[in-house]
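Chains, contacts and geometry: an overview
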Amino acid sequence: MLRIRLRAKLMLGVSLVLLPLLGLLLFGLEENYEMRRTSLLNGMLQTATTSGLLIDASLQEMIRLAQAVSAESASHALRPGELQDFITRLARERTDLVNLAVFDASGRPVASATPGPEGLDISDRPYFQEAIETKEAVVSELLIGRTVKRPVVVVAAPVLDGNKQARGVVTVSLRLDQLARRMLEIGLRPGQALFVVDPHGRLVFHTSRLEATWEEREISQWKEIQEALAGDPVLTTEFRGLFRDDHRIAALTPTPQHGWLVGVTWGYQEAFEDMSQVRQLQLAAFLTISLLVLAGAWALAGYLSGRVSRVVAHARTLGRGELGALVPIEPSLLGTGDELDELTEAFNHMASELKAEREQRETFIASVSHDLKNLTTPLSLAARLLRDPSRQSPEARERTLTRLSHQTTRIERLVADLLDASRLDAGHFNLFHQRHDLMKLVRGILDEQQEGTSTHRLVLEGPESFELEADPERLAQVLTNLVSNGIKYSPEGGVVSVTVSEAEGTVRVQVTDNGIGLQPQELDEVFEPYARTAAARKIRGLGLGLYICRAIIEGHGGTLCARSEGRGKGSTFLFTLPTRPRSGGATAR
């Protein structure tokens with residue numbers, strides 16, 4: 001048979017508590033870490049979204065400028081002289097433009113704020129063709145300007161005549177460094193970078209590298225770029241740097257109007273360094289606390305098991321009947337008054353009581369033996385005398401018979417005394433009947449019990465008074481036990497009601513609660529000594545109360561029974577008493 005020592009059980013119990021806590025802590029740390037990571041990425045996404053709104057606003061501003069120029073009368077007439085002065089003056093006021101120009105329907109320049117090369121023709125440009133065909137303002141992809149020979153973004157707006165036919169196109173070339181300067185004004189954290197990509201996957205600018213070759217700007221094959229340009233924001237912790245192959249986290253989102261892509265990246269170590277340190281500190285603190293708890297539990301388990309071992313050794317000595325060898329167990333050095341101190345005190349008291357009881361029993365046996373010997377010796381002598389009538393005169397014979405009768409009476413009295421002692425040991429008790437008001441008794445008990453609970457309401461139903469001849473102290477014991485049980489076994493609170501009524505010469509007292517209830521097979525078992533139902537074992541108690549209550553009620557000539565509809569549906573305890581006491585006065589149990 002497997003034997004596990006108390007210390008091992010205590011350590012196992014502590015470990016079983018610590019392991020789930022460790023698991024929960026690790027799970028909570030990981031959840032918190034993931035939430036903080038998600039929050040960090042969402043914050044970067046919000047920055048990218050705000051930047052995207054600025055991008056759309058800048059492009060919309062350029063579109064409005066191009067549309068305003070195309071609406072001028074000089075543009076409708078395509079008069080180069082008037083247009084040149086108007087465009088030059090307008091471009092001089094705008095420092096964020098590379099060029100402002102008007103082209104005819106064949107792609108030839110009519111007027112330009114910046115002189116272009118000889119024979120300039122933009123009819124092959126996709127943005128020019130789209131503006132002519134759709135008659136709507138369009139934004140080009142990133143391209144190399146033929147006039148400025150550097151990467152630009154062009155906004156084109158058609159010049160329409162009265163018949164809504166395109167007569168030309170107004171182009172506004174946006175300076176990327178001015179657009180980048182706007183993006184740099186957005187509050188980025190140290191180590192963060194922001195970049196913008198056109199709808200075709202070309203890098204427009206990057207805050208950490210404003211100048212880049214045309215080959216470096218081609219990033220349309222990047223998986224994250226493709227996913228974001230498809231229309232859905234992308235949050236990732238596995239992004240590689242555009243210019244340095246370093247590990248970064250990124251939030252990418254398309255702009256709502258023009259479908260450009262704005263991305264915010266941050267170095268992985270910089271982003272999560274604080275969170276990783278906090279997580280490591282939390283893990284180290286918990287492991288340290290766990291080790292301290294285990295060490296304390298080991299020491300406490302050794303201390304407790306040592307005290308229990310001393311009690312076990314004394315119990316074995318007691319079991320062998322060596323009462324004279326018993327020495328009282330010394331109390332704990334801590335003197336905390338815990339259950340083991342109580343156990344030690346109770347054991348010492350029990351050993352003292354057993355020793356005293358043995359001494360009393362030995363004295364009692366010796367006394368009874370002496371008395372019986374004193375009583376039986378004259379009987380034996382009288383018997384021998386009566387066998388030989390010749391040895392006694394009739395008067396002496398009569399005296400011997402009288403002495404024999406007297407000794408027999410003394411023996412009967414001794415036997416009766418022994419029988420009474422046996423009945424006392426068996427728990428028999430006497431009832432002392434007197435007339436009293438049962439309702440007054442019940443009200444007093446309810447008032448006393450109500451003072452001990454704030455979660456229960458005690459209710460009494462019955463007449464104002466009810467005179468009864470019974471033992472008031474024993475009835476008070478029964479009522480107190482039933483009402484306190486109703487409170488104790490209704491841990492969620494509620495109502496405990498006591499109902500008193502009279503029917504056909506008997507008084508009926510019913511105590512009802514809405515507590516844990518009883519199963520059908522438990523209705524009789526609860527009245528057995530030390531009986532405890534499965535649900536009641538979670539609540540402190542010895543299981544003797546109802547046993548004693550039934551003995552008292554039956555001693556009065558009444559009955560006590562239990563009723564319940566099942567677990568969780570409350571219980572009712574009903575006892576009946578005759579209004580007049582039965583003859584006698586002692587219980588039969």
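Residues numbered from 1 in each chain as written. Predicted model: local features only at pLDDT ≥ 70, side-chain atom pairs only at ≥ 80, totals over all residues. Heavy atoms only, no water.

**Here we look at the side chain of Asp-56**
What counts, and what does not: Secondary structure elements are taken from DSSP: a helix is a run of H or I of four residues or more, a strand is a run of E of two residues or more, and numbering for both begins at the N terminus. Burial here depends on accessible area, computed with a 1.4 Å probe over protein chains only, as a share of the maximum for the residue type. Under 20% is buried, over 50% is exposed, and the range in between is partly exposed. In this tally Asp and Glu are treated as negative and Lys and Arg as positive; neither His nor the chain ends contributes. For salt bridges, the criterion is a side-chain nitrogen of Lys or Arg within 4 Å of an Asp or Glu carboxyl oxygen. In the analysis that follows, any N or O atom pair within 3.5 Å is treated as a polar contact, provided that within protein one partner can donate a hydrogen and the other can accept it, and provided that, for residues neighboring in sequence, both atoms belong to side chains.
With respect to the element layout, Asp-56 can be found in helix α1 (residues 6-70). Although Asp-56 is buried, it forms no salt bridge, and the closest oppositely charged side chain is Arg-64 at an N-O distance of 11 Å. At a separation of 3.1 Å, a polar atom in the side chain of Asp-56 contacts the side chain of Thr-255.

**With respect to the sheet that holds strand β9 (residues 234-240)**
We count it as follows: In this analysis, strands are considered paired if DSSP registers two or more bridges between them. Axes, fitted as lines to C-alpha atoms, cover a helix only where it is in contact. Angles between the N-to-C directions of the axes lie from 0 to 180 degrees. Contacts are residue-level and defined by heavy atoms, with any inter-residue pair within 4.5 Å sufficient.
The five strands are arranged β8-β7-β11-β10-β9 in an open sheet whose pairing can be described as antiparallel. Looking along the sheet, the strands with just one partner apiece sit at the ends: β8 (203-206) and β9. Between one strand axis and the next, the sheet turns through 25° on average, direction left out of account. Here seven bridges tie strand β10 (residues 247-254) to strand β11 (residues 261-267), and the two strands are oriented antiparallel to one another. Directly across from Ala-251, in β11, lies its bridge partner Val-264. Sheet contacts for α1: β7 (192-197), β8, β9, β10 and β11; angle to β10, the most-contacted strand, approximately 45°. Along the sheet, helix α8 (residues 268-319) makes contact with β9, β10 and β11, crossing β11 at roughly 60°.

**Let's talk about the packing of aromatic side chains**
Where we set the bar: Only Phe, Tyr and Trp rings are paired, with Trp represented by its six-membered ring, and only when their centres lie within 6.5 Å; those with planes under 30 degrees apart are stacked, over 60 edge-to-face, the remainder tilted.
By the definition in use, this model includes four aromatic pairs. A ring pair is formed by Phe-195 and Phe-239, whose centres lie 6.4 Å apart and whose planes are at 15°; its orientation type is stacked. One end of the pair, Phe-195, is in strand β7; the other, Phe-239, is in strand β9, and 44 residues separate them in sequence. The same class applies to Phe-195 as to Phe-239, namely buried. Taken together, a centroid distance of 5.7 Å and an interplanar angle of 45° make the contact between Trp-222 and Phe-239 tilted. Residue Trp-222 is located in the loop between α6 (214-217) and α7 (223-229), and its partner Phe-239 is located in strand β9; the two are separated by 17 residues in the primary sequence.

**Digging into the packing of helix α11 (residues 438-450) against helix α12 (residues 472-488)**
Which entries qualify depends on this criterion: For classification, angles of less than 35 degrees are called roughly parallel, those exceeding 145 degrees roughly antiparallel, those between 65 and 115 degrees roughly perpendicular, and all remaining angles oblique. In this scheme the handedness of a crossing depends on how the near helix is turned from the far one: anticlockwise by less than a right angle means left-handed, clockwise means right-handed. Three classes are used: nonpolar for Ala, Val, Leu, Ile, Met, Phe, Trp, Tyr, Cys and Pro, charged for Asp, Glu, Lys and Arg, and polar for all others, with Gly counted as polar.
Viewed as axis vectors pointing N to C, α11 and α12 meet at an angle of 40°, and their least axial separation amounts to 10 Å. Taken as axis vectors, α11 and α12 run oblique relative to one another. Taken as a pair, α11 and α12 cross one another with a handedness that is right-handed. Contacts from Leu-438, Leu-441, Val-442, Ile-445, Leu-446 and Gln-449 in α11 reach Pro-472, Leu-475, Ala-476, Leu-479, Thr-480, Val-483, Ser-484 and Ile-487 in α12. When grouped by side-chain class, the residues that make up the contact of α11 with α12 number eleven nonpolar, three polar and no charged.

**Some words on the environment of Glu-322**
Along the chain, the position of Glu-322 falls in the loop between α8 and α9 (339-387). Of the residues examined, Glu-322 reaches a relative accessible area of 36% and is grouped as partly exposed. Spatially, the C-alpha atoms of Glu-322 and Lys-355 are 9.6 Å apart, while their sequence positions differ by 33 residues.

**Digging into the packing of α1 against α8**
Running from amino to carboxyl end, α1 crosses α8 at an angle of 170°, the nearest separation of the two axes being 10 Å. Relative to α8, the element α1 is oriented roughly antiparallel. Residue composition of the contact of α1 with α8, grouped by class: 26 nonpolar, six polar and five charged.

**Thoughts on the pairing of β10**
For β10, the tally of buried residues reaches seven of eight residues, placing the bulk of the element in the interior. Of the strand pairs in this sheet, β9 and β10 are connected by five bridges, and their pairing is antiparallel. Residue pairing across strands places Leu-235 opposite Ala-251, the latter belonging to β10. Between β9 and β10, which pair antiparallel and follow one another directly, the connecting turn spans six residues. Counting the residues in the hairpin turn of β10 and β11 gives six residues, including Gly-259, whose phi is positive at 70°.

**Description of the pairing of strand β5 (residues 151-160)**
Burial analysis of β5 places nine of its ten residues in the buried class, the great majority of the element. Pairing geometry for strand β3 (residues 138-139) and β5, over two bridges, is antiparallel. Counted as the bridge partner of Val-139 is Val-155 from β5. Of the strand pairs in this sheet, strand β4 (residues 143-144) and β5 are connected by two bridges, and their pairing is antiparallel.

**Brief notes about the sheet that holds strand β17 (residues 559-563)**
Think of a sheet as strands paired side by side through backbone hydrogen bonds, with each pair either parallel or antiparallel. Strand order in the open sheet formed by five strands is β13-β15-β16-β18-β17, with mixed pairing between adjacent strands. Lying at the two open borders of the sheet, with one neighbouring strand each, are β13 (456-461) and β17. Going across the sheet, the axis of each strand differs from the next one's by a mean of 15°, ignoring polarity. By the bridge criterion, eight bridges tie strand β16 (residues 506-513) to strand β18 (residues 571-578) in an arrangement that is antiparallel.

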